[in-house]
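Breakdown of the fold
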Amino acid sequence: MTQDTLRVVVVDDHSVMRAGVVALLASEPTIEIVGEAGDGLAAIELVERLEPDVALIDLRMPVLDGVAATARIVGLGSRTRVLIVTTYDTDVEIERAVEAGAIGYLLKDTTREQLVEAIRSAARGQTVPAPRVAERLVARMRRPAPVVLTTREVQVLDAVADGLSNADIGKRLVIAEATVKTHLLRVFAKLDVSDRTHAVVTAIESGLLSRSGDGIRD
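A brief look at the structure comes next. (Residues numbered from 1 in each chain as written. Predicted model: local features only at pLDDT ≥ 70, side-chain atom pairs only at ≥ 80, totals over all residues. Heavy atoms only, no water.)

Focus on helix α10 (residues 196-205)
To keep things clear, this is the line we draw: Buried, partly exposed and exposed residues are distinguished by accessible area as a fraction of the type maximum, computed with a 1.4 Å probe on protein chains only: under 20%, between the cut-offs, and over 50%, respectively. A run of H or I in DSSP counts as a helix once it spans at least four residues, and a run of E counts as a strand once it spans at least two, with each numbered from the N terminus. As used here, the arc belongs to the directions running from the helix axis to the C-beta atoms. Note on contacts: a residue pair qualifies if any of its non-hydrogen atoms lie within 4.5 Å across the two residues. We call two N or O atoms a polar contact when they sit within 3.5 Å, provided that within protein one can donate a hydrogen and the other can accept it, with sequence-adjacent residues counted only if both atoms are side-chain atoms.
Residues of α10 that are buried: Arg196, Ala199, Val200 and Ala203. End-on view of α10: buried residues confined to an arc of 95°, all on one side of the axis. Where α10 is buried, its residues touch α7 (151-161), α8 (166-173) and α9 (177-191). Backbone nitrogen of Thr197 and a side-chain oxygen of the N-cap are separated by 3.1 Å at the start of α10; the cap is Asp195. Positive phi shows up at Gly207, right after α10, with a value of about 80°.

Focus: empty space enclosed by the protein
Cut-off, in case you're wondering: Cavities and pockets are found on a 1 Å grid laid over the protein atoms alone: a cavity is a set of points where a 1.4 Å probe fits but cannot escape, a pocket is an open set with protein on both sides within 12 Å along at least five of seven lines, and a lining residue has an atom within 4 Å of such a point. Grid points are joined across faces, edges and corners, and a volume is the space filled by probe spheres set on the points. Classification used: nonpolar for Ala, Val, Leu, Ile, Met, Phe, Trp, Tyr, Cys and Pro, charged for Asp, Glu, Lys and Arg, polar for all others including Gly.
Within the structure shown, the criterion is met by one cavity of 30 Å³ or more. The space that makes up the largest cavity amounts to roughly 60 Å³. Lining the largest cavity are Val10, Val11, Asp12, Val21, Leu56, Ile57, Asp58, Val85 and Lys108. Split into classes, the residues belonging to the lining of the largest cavity amount to six nonpolar, no polar and three charged.

Thoughts on the packing of α7 against α9
Here is the rule: Note on method: axes are straight lines fitted to C-alpha atoms, helices fitted across the in-contact stretch only, with angles between N-to-C directions ranging 0 to 180 degrees. For classification purposes, an angle smaller than 35 degrees is called roughly parallel, one larger than 145 roughly antiparallel, one from 65 to 115 roughly perpendicular, and anything else oblique.
Here α7 crosses α9 at 95°, and the two axes come no closer than 10 Å. When the axis of α7 is compared with that of α9, the two are roughly perpendicular. The segment α7 lies against α9, with Arg152, Glu153, Val156, Leu157 and Val160 engaging Val180, His183, Leu184, Arg186, Val187, Lys190 and Leu191. Taken together, the residues that form the contact of α7 with α9 break down as seven nonpolar, one polar and four charged.

Some words on the pattern of salt bridges
Where charged atoms from two side chains of opposite charge approach closely, those side chains can pair. Defined as follows: For this document, the term salt bridge refers to a Lys or Arg side-chain nitrogen within 4 Å of an Asp or Glu carboxyl oxygen.
Inspection of the entire model under this criterion finds 11 salt bridges. Across the pair Arg79 and Asp53 runs a salt bridge whose closest N-O atoms are separated by 2.6 Å. Of the two residues, Arg79 sits in the loop between α3 (66-75) and β4 (81-86) while Asp53 sits in the loop between α2 (40-50) and β3 (54-57), which places them 26 residues apart along the sequence. Here Lys108 makes a salt bridge to Asp58, at a shortest N to O gap of 3.6 Å. With Lys108 in the loop between β5 (104-107) and α5 (112-123) and Asp58 in the loop between β3 and α3, this pair connects stretches of sequence that are 50 residues apart. Overall, the relative accessible area of 24% leaves Lys108 in the partly exposed class. Classification of Asp58 by relative accessible area gives buried; the value is 4%. Salt bridges here are not isolated pairs; linked through shared partners, they connect Glu28, Arg112, Glu117, Arg120 and Arg124.

If you want it as structure tokens, here you go:
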């Protein structure tokens, strides 16, 4: 093997799938399979012992799943990059893997050429999303993020809808008037409004406040 050869471990609880990945990469001169494992715990031990460049890890495995194994490997401070290779492409699975520290997410229908390029990219520290996964992530990013108000912000808006002044809201909620103003400014920013009336109306229309706008006082 040359100095530029990438050392890879393959982790999958299905021996047939594991053998398939190994066979797929066997003819690639720039990649060397240095180890195999059938569960997440064994994967961690493998990474600690061999310090490969890239670990190809399945998601659902016994003993320790791929997400937990990924988090542990990343937590070790290892130079090994984790590339998830799985059949699951749900948003929840993708988010869990990314949050755990996986640098890439591939599906098992990936071609040999795509897999080889993904391993090279991962080794360079570049994020590697599968095409279908990338499309879904881009679509989600383009959707406006849902507005979320804190419990206190809702309480303040509820008091505004009752027609209370900032001073009276402070007394009701036992907080300083300045704090009431701060909460209102945050609400204005979240709802993209500039006054109390529109804040209440927008919150009601968005289902964030179950109130009538009657009695609101600027």
